[in-house]
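Residue-level listing of the chains:
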Amino acid sequence: MPDATIESVLQEGRIFQPPAELAARARIGSMEAYRELVARAEADPDAFWGEHAREQLHWFEPFHTVLDWSNPPFARWFEGGTTNLAYNCLDRHLDGPRAEKTALIWEGEPGDSRRFTYRELQAEVCKAANALKALGVGKGDLVALYMPMVPEAAIAMLACARIGAPHSVVFGGFSAEALRDRLIDGGVKVVITADGGFRKDKAVALKPAVDQALAGGACPTVEQVLVVRRTGEATPMEQGRDRWWHELVDSQSSDCPAVPMASEDRLFVLYTSGSTGKPKGVVHTTAGYNLWAHLTFQWIFDIRDDDIHWCTADVGWITGHSYIVYGPLSNGATTVMYEGAPRPSKPGAFWEVIQKHKVSIFYTAPTAIRAFMKSGREVPDQYDMSTLRILGTVGEPINPEAWMWYREVIGHGRCPVIDTWWQTETGGVMISPLPGATPTKPGSATLPLPGIAADIVDNEGHSVGVDEGGYLAVRRPWPGMMRTVHGDPERFRKSYWEHILGADGRPLYFAGDGARRDADGYFWVMGRVDDVISVSGHRLGSMEIESALVSHPSVAEAAVVGRPDDLKGEGIVAFVTLQTGLSGDAALGAELRKHVGAEIGPIARPDEIRFSDALPKTRSGKIMRRILRALAAGEEVSGDTSTLEDRSVLDALRV
Ligand code: WTA
């Protein structure tokens, strides 16, 4: 655990109470109310979850069993029930005045904008669902989305859910190679993409990456490609395989019944990086995920009917799934989707969106906040952001300085800052303040949500003491938990359920994060304890980047570690040994960075490449990453180095 972080955090004594006006109107408006919910969930988890599931979701058929945990770690929730996520997000809001309420506000990067009421969005989703059926997509067929941030991305996700075709959204910033891996692993039938999108004031093509991924019959299961026109640039279409969205979807009927799905029917697959091997396809299922996205959205943002909610994530990540699309729509809220990002020509882009659309709940990442801090408060001060009432953050630890800046400069001290800890695997937020109840401390995600048995434990699964570091773990299943790794249930067990042996013999969910708990029981998440690097809140596996480097003909061996970065949280440093006879220089370094960009995507490009003749290894040949991490951070190598095979390697690596 990084000691410096613990020190700075321990000195952090500030506490902020929830604003009285907010608490007075909140669903959960006091710590007593929170504790009462926690106690109810503890006393009888099945009754607690069962009641929420019955009250918060629409069921075609009621469930008969809340949880079947007879075969851990494979949980089955709400068995016997049938429901549909798209129905819960759309149709059930059409009975009353909510039908004419704005469901989705979309703001394009060049300043174009579109709005959909619930009724309009439902019609668009039905048309898209009928189009998918026309392409031969049926229940259980996997559909991949490789899209810019346009309304059609959300529409396509909901269309898939409507007909029971699981989606696999692949972040549009991933390379053709990374897309191909995911298409093959999933056995995808149809790909939905766009000609391109707008990024930093220019059109960026997307469809060519799909063509490249499919070239030479590399993905034999993919039958058709549906292409949204966004940029209008010339886009080659392959006869018989590629169809334009506007030609196929617009002419469809806007009537398409939602298919009743069994609770445990697969809802989506979303790939994420772990310590080992290729990214894994995290599988979420229908009812449990829906309930968790719905409930957490309601709790952590204390959603009101007149709220305008904006989450700045991309739909290619879990945050976009749960808090741009499914959580808000399931609650009948108004959600904002923004194609752009702040850029030199428009440093106030985010604040402009808040001012223009009167955003009341704003949810973003610490990396973005740190970048705003750097460019000074003059930029946000030019905008009217008085509509804001709640500020959220997600994706990586937030340093107390950034937390305070967020609260004071963006929230003018009025808005609670909600630091939410969770993962792709958890489906929704797990540890977070409740804005009307929880006193907040800068840098702490505070307390687990009701029903979430989060703990900090040692290797044997014993809870550690106050202010002692340990592993973040969850002791009981929860509805939004991932169900398996696509195609590899054993990997699911190994990656998450075998690291910590529960003292009572019951398995614990191992999150891969280190954390500590203070005397008030507040959680302070420190960061990953495995070989996952978090760059601007995006998860990347060291091994993935290493494999990309080794696939270059000049590279013999590579080891990749993270190093602290003021802006991005972590930067990537690659230690590379070259094939015999070659020597490294700046040009080769640049070429290798480019190579990693092409293999995975620009976010995975190392910040620094260090060439060396050898890497520090144990006598059994394991690379000692602890040493490399210290070297990358410019720290002294401390701790035991007695297992190091060749000490001269260390001296050569110091720069
Ligand atoms: C990190 C993103 C500290 C953590 C929703 C986790 C955080 C990983 C926080 C999951 C937070 C997320 N404080 N760290 N509030 N939120 N993380 O799957 O390391 O992209 O394991 O999900 O992000 O990243 P993922």
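Residues numbered from 1 in each chain as written. Predicted model: local features only at pLDDT ≥ 70, side-chain atom pairs only at ≥ 80, totals over all residues. Heavy atoms only, no water.

A few words on helix 17 (residues 489-496). Turning to helix 17, its buried residues are Arg491, Phe492, Ser495 and Tyr496. Down the axis of helix 17, the smallest arc covering the buried residues is 105°, so these residues share one side. Those residues of helix 17 that are buried lie in contact with strand 15 (280-285), strand 23 (484-485) and strand 24 (509-517). (Buried < 20%, exposed > 50% of the residue type's maximum accessible area, 1.4 Å probe, protein only. Helix = DSSP H or I, 4+ residues; strand = E, 2+ residues; numbered from the N terminus. Arc of directions from axis to C-beta. Contact = heavy atoms within 4.5 Å.)

The next point concerns the pattern of salt bridges. For the structure on display, the rule yields 45 salt bridges. Between Glu107 and Lys356 there is a salt bridge; the shortest N-O distance is 3.1 Å. Of the two residues, Glu107 is situated in strand 4 (residues 102-107) and Lys356 in helix 13 (residues 349-357); the sequence distance between them amounts to 249 residues. Judged by relative accessible area, which is 7%, Glu107 ranks as buried. Overall, Lys356 belongs to the partly exposed group, its relative accessible area being 44%. Arg625 is the salt-bridge partner of Glu546, the closest N and O atoms lying 2.8 Å from each other. Taken as a pair, Glu546 in helix 18 (residues 542-550) and Arg625 in helix 20 (residues 625-632) lie far apart in primary sequence, 79 residues in all. Arg625 shares its class with Glu546; the two are buried. (Salt bridge = Lys/Arg side-chain N within 4 Å of Asp/Glu carboxyl O.)

So, on to the sheet that holds strand 18 (residues 361-364). Here we have seven strands laid out as an open sheet, ordered 5-4-17-16-18-19-20, and mixed in their pairing. Each edge of the sheet is formed by a strand with only one pairing partner; in this case those strands are strand 5 (113-117) and strand 20 (417-420). On average, each strand axis in the sheet is inclined to that of its neighbour by 20°, with strand direction left out of account. Where strand 16 (residues 308-311) lies against strand 18, three bridges are found, and the strand directions are parallel. In the sheet register, His309 faces strand 18, and the bridge partner there is Ile361. (Pairing = 2+ DSSP bridges. Axes fitted to C-alpha atoms, helices over the stretch in contact; angles between N-to-C directions.)

Further remarks concern the packing of aromatic side chains. What describes a pair of aromatic rings is the distance from one ring centre to the other and the angle between the planes of the rings. By the definition in use, this model includes 39 aromatic pairs. Measuring from ring centre to ring centre gives 4.9 Å for Phe268 and Tyr289, while their planes differ by 85°; the resulting arrangement is edge-to-face. Pair noted here: Phe268 is in strand 14 (residues 266-272) and Tyr289 is in helix 11 (residues 286-301), with a separation of 21 residues, a long-range link. The same class applies to Phe268 and to Tyr289, which are both buried. Every member of this aromatic cluster is reached through a ring pair, and the members are Phe48, Trp49, Trp59, Phe63, Trp77, Phe78, Trp292 and Trp299. Across from the ring centre of Phe174, 4.4 Å away, lies the NZ or CZ of Arg182, which sits over that ring. The positively charged end of Arg229 is found above the aromatic ring belonging to Trp244, 4.9 Å away from the centroid. (Phe/Tyr/Trp six-rings, centres within 6.5 Å; stacked < 30°, edge-to-face > 60°. Lys NZ or Arg CZ within 6 Å of the ring centre and 35° of its normal.)

The next subject is the state of the cysteines. Counting across every chain of the model gives zero disulfides. Cysteine Cys160 remains unbridged, with the sulfur of Cys256 as its closest cysteine sulfur at 11 Å. Lacking any disulfide linkage, Cys415 is separated from the closest cysteine sulfur, that of Cys311, by 17 Å. Assessed through its relative accessible area of 0%, Cys415 is described here as buried. (Disulfide = S-S within 2.5 Å.)

Attention now goes to the site of the ligand. Residues in contact with the ligand amount to 16 residues; listed here are only the nearest, Asp419, Thr420, Thr424, Asp513 and Arg539. Between a nitrogen atom of the ligand and a main-chain N or O atom of Pro397, the distance comes to 3.4 Å. Protein contacts shield 95% of the accessible area of the ligand, which totals 530 Å² for the unbound molecule. A class-by-class count of the residues in the shell around the ligand yields six nonpolar, five polar and five charged. (Near = heavy atom within 4 Å. Polar contact = N/O pair within 3.5 Å; in protein donor to acceptor, adjacent residues only side chain to side chain. Areas by Shrake-Rupley, 256 points an atom, 1.4 Å probe, with all protein chains shown as cover. Nonpolar A, V, L, I, M, F, W, Y, C, P; charged D, E, K, R; others polar.)

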